[in-house]
Amino acid sequence: MENNTLLATEATILFAGDSGDGIQLTGDQFTNTTALYGNDLSTFPNFPAEIRAPQGTLAGVSGFQIKFGSTQVFTPGDRCDMLVVMNAAALKANLKQLKPGGIIIANTEGFDGKNLRLARYAEGVNPLEDGSLETYKLFKIDVTRLTKATLGGSGLGTKEIDRTKNMFVLGFIYWIYNRSLDTTIRFIEQKFAKRPEIVEANIKTLKAGYNFGDTSETFMQRVEIRPAQIAPGRYRNINGNPATAMGLIAAAKKAGLKLFLGSYPITPASDILHELSKHKHFGVGTFQAEDEIAAICAAIGASFGGSLAVTTSSGPGIALKTEAIGLAIMLELPLVIVNVQRGGPSTGLPTKTEQADLLQAVYGRNGEAPLPVIAAKSPGDCFYAAFEACRIAIEHRTPVFFLSDGYLANGAEPWRFPSSADLPEIKPNILNSAPAEGEKFLPYGRDEKLARPWAVPGVKGLEHRIGGLEKEHETGNISYDPENHEFMVKLRAERIEKVADYIGPQTLDQGPEKGKLLVLGWGSTYGAIKTAVKSALDEGYSVAHAHVRYIHPFPKNLESILRSYDHVLVPEMNNGQLVRIIRDRFLIPAEGFSKIKGIPFTAEELLTKIKTLA
Amino acid sequence: METAEKTVTPFTSKELVTDQEVRWCPGCGDYSILKQVQTVVPELGLNREEIVFISGIGCSSRFPYYMETYGMHSIHGRATAIASGLKATRPELSVWIVTGDGDSLSIGGNHFIHLLRRNFDVNVLLFNNEIYGLTKGQYSPTSEKGKITKSTPMGSVDHPFNPLAVVMGADGTFVARAMDRDPIHLRTILKRAHQHKGTSLIEIYQNCNVFNDGAFEVFTEKSSKADETLFAEHGQPLVFGAAKDKGLILDGFQPKVVSLSEVSANDLWIHDERDRTKADMLVRMFDDPSREGHFPRPFGIFYVEDRFTYEEAYQHQLTEALARKGEGDLDALLSGNNTWVVE
């Protein structure tokens, strides 16, 4: 690289523009290229619920933040070093995210009179021209004009030319960070394979953006961020939803079962349905049901028939499935219920992230209806958590809640993927023959895990009936006997508690085994807590971090960990849910720390809070 | 489980009886239906272990507990959805859904229509008693307007469903009506339902002698049955009446009751269960029997259509994907197309 290149350890870029500007695609491309280059990274796509929100307005702004570095990266960054804005609304909505003295790259055409009005700037005010941005490094580029100049004579219409302008910006950013265009060129060739003229136009614009950096001298300083020193191995880039889908496929394969997904489209879970639909050659069947209830009921039917059955949804859909989850608990059949949480209640914030369905998962059913609940902590971890949810469901014959959220679903990170040989076998033990002569088949008999047999239709001599009415112990016959009901309620609770015998102990993520403060997290807050606790430890504070995957039942040693610190802080993207369970279960004065804004915690927010307690 | 060549172990009706005490009210029409099903099922060439009865909630939904086959008594309205998942993944099973007018047409209405349009190869026995029995006597979606029940002391203001018109509207491929009090006819229809490849829907008029006694009396009692009902048989003229002296003709697009003393039997409407237009007319003969000039209520198989089943298409895609791409390689899936190595 040239002499004027700055060597940095990390950078955070926020791409922002109209939801029709191709911002998510630009972000994804930059992410893939950066991952392949070898940086560690974390991303945060943030977009409106409307497919095409009113153009140019603040409501229509779509953003994609990526933090990447030569050091380990656990969050998409609190504030960004560079803000790339395609229009005035994108600047207005995101300027507060930019670090003091940060870089703004602005598409000047997005700051014409109309765009300024739509972004609600005062009449006659243009932030690019009035000096209000002088504390930042502002680079104005007329992307639209340059794109038009690039594709003049290409024969494409104005609209089609305009659609390639995100490639110009991407090319320019690639130039700044000295990145190869190859990944994106391959992507363009595949995506538009049927339209060679569009392939050519996009590649031409991408290269024009790159060359603009070289020739224009608008940007004096390029930045070099070397590959990260992370654990050796083979990596890929991964988002949470595809990771979840792969975890389900892997579990089915390891169990020797067919995978069945019953699902109904809902944001932000639909991508799991899309992904699984592509993998029919793995024996994966997907059923897009008429509604959320049918989706889970079809899964229950498939489970009764001996498939690994899964239903995927988000909060409002889960609410609809509630009665059927209760049925699955009574039937004691394997079932995985995936909730990719979003902001609630009701329709809430469909495209924003939240962790507010934890109590729904743990308690939200009629009657005493316990089931295991496990949560993923990062996009790559969705794979392992989904796999583990399947293992527990199959081996313990129970519905299991797997909690992900919008941030994990759409966020990306480099992932050192496992080899299939490293994954544990799952033992379904489906009964394939009738009991010996003279012995009666007991549909609700119990094994050492207190699980009942999985007897699927087709096996002679195992004909039996199951249902939602209370069961007599062992025979499974309908029973209204008072003693039996209490016994069965306790048995159903005990067998879920027993799952704790078959999971690993809770571990500390970092920090001392005893001290002033334990930060106890769950789910997608992992990266932010890890970053904050690391900073606090570096500054000499007495703080540790534990992140729970198994929320019901808890690992058996969790209590002793909690009691090893003066204070326990539970940060959550809700109004305090895990903290209630912790207090209830262990009678300790755990303190909650809430953020309920539809966006993840920043490490800085957490660090400030940690310092008040550690 | 699927085997190359199926061997069938015959079983008797008695072997279909479970050790559970049947708990319907004495005199309930459900007893007769259970008896007919237990009589017909052993004659279908099936193994007992490949039969599954799935129900929702309601009096009729206790049915699976009384059948010594595989069975599931599920939740209200969802038997159809549960059966869909089972049949999609285990197409070789013989799946029977037992449901009622409340279960299938009220709380489970959505799954009911989608089951029909997808045309899973299952048999649906819709016990219609025009009342909520298990919850002790509220009006149902098939109760007539003005019905006085516990929840409608001044009479129901709901216009009722014509169940078979709903079935035709949802593109059902086997549309039939039977009654609890005509066991021979019911058994014939049950057999045909099993033979049909696709969703076989039988609406069975079933008397609830506790909360809605006599709802179908006019169709079932000897004194009125012959004049008030019309038993349609494929290829036969539509004739009814105690003396078989009345028939139906089509006057343009209008069905008309005629006396056989005036019209020759050769000119009558010949029932063709493959004729969708005529089937639509038959299921629309849904008059209140007290109305002057009403049509008789038709029974029988009104419509049969051969259409691909959901599970065939679903399984075909799985086979096709396997043939095209080979068995999925988990390691290739995990690594994806873009990887890099950190030393």
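Bear in mind the structure is a predicted one, so any value in this text is a computation, not a measurement. (Residues numbered from 1 in each chain as written. Chains lettered and ligands numbered in written order. Predicted model: local features only at pLDDT ≥ 70, side-chain atom pairs only at ≥ 80, totals over all residues.)

Trainee: Before we go on, may I ask you to explain the interface of chain B and chain A in this structure?
Mentor: The figure often quoted for interface size is the accessible area lost as the parts come together. Taken residue by residue, the interface counts 51 residues in chain B and 59 residues in chain A. Contributing elements (two or more residues each) for the side of chain B that touches chain A: strand 2 (70-73), helix 2 (79-89), helix 4 (109-118), helix 10 (310-325), helix 11 (330-335) and strand 12 (339-342) of chain B. Counting residues per element, the side of chain B that touches chain A draws most heavily on helix 2 of chain B, which supplies eight residues. The residue makeup of the side of chain B that touches chain A, split by class, is 23 nonpolar, 18 polar and 10 charged. Taken together, the four bridges between strand 9 (residues 233-239) of chain A and strand 12 of chain B define a ladder with antiparallel strand orientation. Counted as the bridge partner of R236 of chain A is T339 of chain B from strand 12 of chain B. (Contact = placed C-beta atoms within 7 Å. Helix = DSSP H or I, 4+ residues; strand = E, 2+ residues; numbered from the N terminus. Nonpolar A, V, L, I, M, F, W, Y, C, P; charged D, E, K, R; others polar. Pairing = 2+ DSSP bridges.)

Trainee: Please clarify how the environment of R78 of chain B should be interpreted in this entry.
Mentor: With respect to the secondary-structure elements, R78 of chain B resides in the loop between strand 2 and helix 2. Apart from residues lying up to four places away in sequence, R78 of chain B is in contact with I293, C297 and A324 of chain A together with G56, G108 and H111 of chain B.

Trainee: Would you mind going over the pairing of strand 20 (residues 543-548) of chain A with me for this structure?
Mentor: Every regular strand shows the same layout, with side chains that alternate between the two sheet faces. All names here are of chain A. In terms of burial, strand 20 is largely enclosed, as six of its six residues are buried. Where burial is concerned, the two faces of strand 20 agree: the one with V543, H545 and H547 and the one with A544, A546 and V548 are both buried. Strand direction decides the pairing type here: strand 18 (residues 508-510) and strand 20, joined by two bridges, are antiparallel. When the bridges of strand 20 are listed, Q510 appears paired with H545. Pairing of strand 19 (residues 515-522) with strand 20 involves six bridges; the strand directions are parallel. Bridge pairing in strand 20 links L517 to V543. Traced from strand 19 through helix 17 (residues 526-538) to strand 20, the parallel crossover comes out right-handed. (Buried ≥ 20, exposed ≤ 12 C-beta atoms within 10 Å, placed from the backbone. Right-handed = clockwise from strand over helix to strand, strands pointing away.)

Trainee: Quick question: what am I supposed to make of the domain arrangement of chain A here?
Mentor: All names here are of chain A. The domains assigned to chain A are domain 1 (5-224), domain 2 (236-422) and domain 3 (508-613). With 23 residues of domain 2 in contact, the opposing surface of domain 3 contributes 21 residues. The set of elements that each furnish at least two residues to the side of domain 2 that touches domain 3 consists of helix 13 (358-363), strand 14 (373-375), strand 15 (399-405) and helix 15 (406-410). Considering only residue class, the side of domain 2 that touches domain 3 consists of 15 nonpolar, four polar and four charged. (Domains from an automatic or database assignment.)

Trainee: Just to check I follow, could you spell out the sheet that holds strand 10 (residues 254-259) of chain B for this structure?
Mentor: All names here are of chain B. Spatial strand order, 8-9-10: three strands in an open sheet with antiparallel pairing. Among the strands making up the open sheet, the edge pair consists of strand 8 (239-240) and strand 10. As paired elements, strand 9 (residues 246-251) and strand 10 share six bridges and run antiparallel to each other. Pairing of G247 across the sheet is with V258, part of strand 10.

Trainee: Would you mind going over the packing of helix 1 (residues 23-37) of chain A against helix 7 (residues 182-191) of chain A with me for this structure?
Mentor: In helix packing, the relevant descriptors are the interaxial angle and the interaxial distance, both defined with respect to the helix axes. Residue and element names in this part refer to chain A. Running from N to C, helix 1 and helix 7 cross one another at 130°; their axes reach a closest spacing of 8 Å. Between helix 1 and helix 7, the crossing angle belongs to the class labelled oblique. The way helix 1 lies across helix 7 gives a crossing that is right-handed. Along its contact with helix 1, which presents Q29, N32, T33 and L36, the element helix 7 presents T183, T184 and F187. Residue classes in the contact of helix 1 with helix 7 are distributed as two nonpolar, five polar and no charged. (Axes fitted to C-alpha atoms, helices over the stretch in contact; angles between N-to-C directions. Parallel < 35°, antiparallel > 145°, perpendicular 65-115°, else oblique. Left-handed = near helix turned anticlockwise from the far one by under 90°.)

Trainee: What is the right way to read unusual backbone geometry from this model?
Mentor: For residues that are not glycine, phi is negative in most cases, and the peptide bond is trans in most cases. A cis geometry characterises the amide bond from G344 of chain A onward to P345 of chain A, with omega recorded as 0°. Of note, the bond from H552 of chain A into P553 of chain A is cis; its omega dihedral lies within 30 degrees of zero at -10°. Looking at the element boundaries, P553 of chain A is found in the loop between strand 21 (550-552) and helix 18 (558-562). A positive phi angle, close to 75°, is found at K136 of chain B, a residue other than glycine. A positive phi angle, close to 50°, is found at K244 of chain B, a residue other than glycine. In this fold, K244 of chain B is placed in the loop between strand 8 and strand 9. By C-beta crowding, K244 of chain B is classed as exposed, having 11 other C-beta atoms within 10 Å.

Trainee: Mind showing me how you'd approach the domain arrangement of chain B here?
Mentor: All names here are of chain B. Per the domain assignment, the segments making up chain B are domain 1 (14-228 + 271-317) and domain 2 (237-270). Computed from C-alpha coordinates alone, the two centres of domain 1 and domain 2 are separated by 28 Å. Between domain 1 and domain 2, the contact holds eight residues from the first and eight residues from the second.

Trainee: Can you walk me through the confidence of the model for chain B in this structure?
Mentor: Confidence in the prediction for chain B averages 96 pLDDT; 99% of positions are at 70 or higher. ipTM for the predicted complex: 0.97, alongside a pTM of 0.93. (pLDDT = per-residue confidence, 0-100.)

Trainee: Is there a simple way to think about the sheet that holds strand 4 (residues 61-69) of chain A in this case?
Mentor: Residues and elements named next belong to chain A. Sheet architecture is open: six strands sit in the order 3-4-2-5-6-7, paired in mixed fashion. The open sheet is flanked by strand 3 (40-46) and strand 7 (137-141), the only strands paired with a single partner. Averaged over all neighbouring strand pairs, the angle between strand axes comes to 15°, with direction disregarded. Pairing of strand 3 with strand 4, which is carried by seven bridges, proceeds in the antiparallel orientation. Residue pairing in the sheet places N46 in a bridge with G63 of strand 4. Contacts between helix 1 and the sheet are confined to strand 2 (10-18), strand 3 and strand 4, with strand 4 contributing the most and set at about 10° to the helix.

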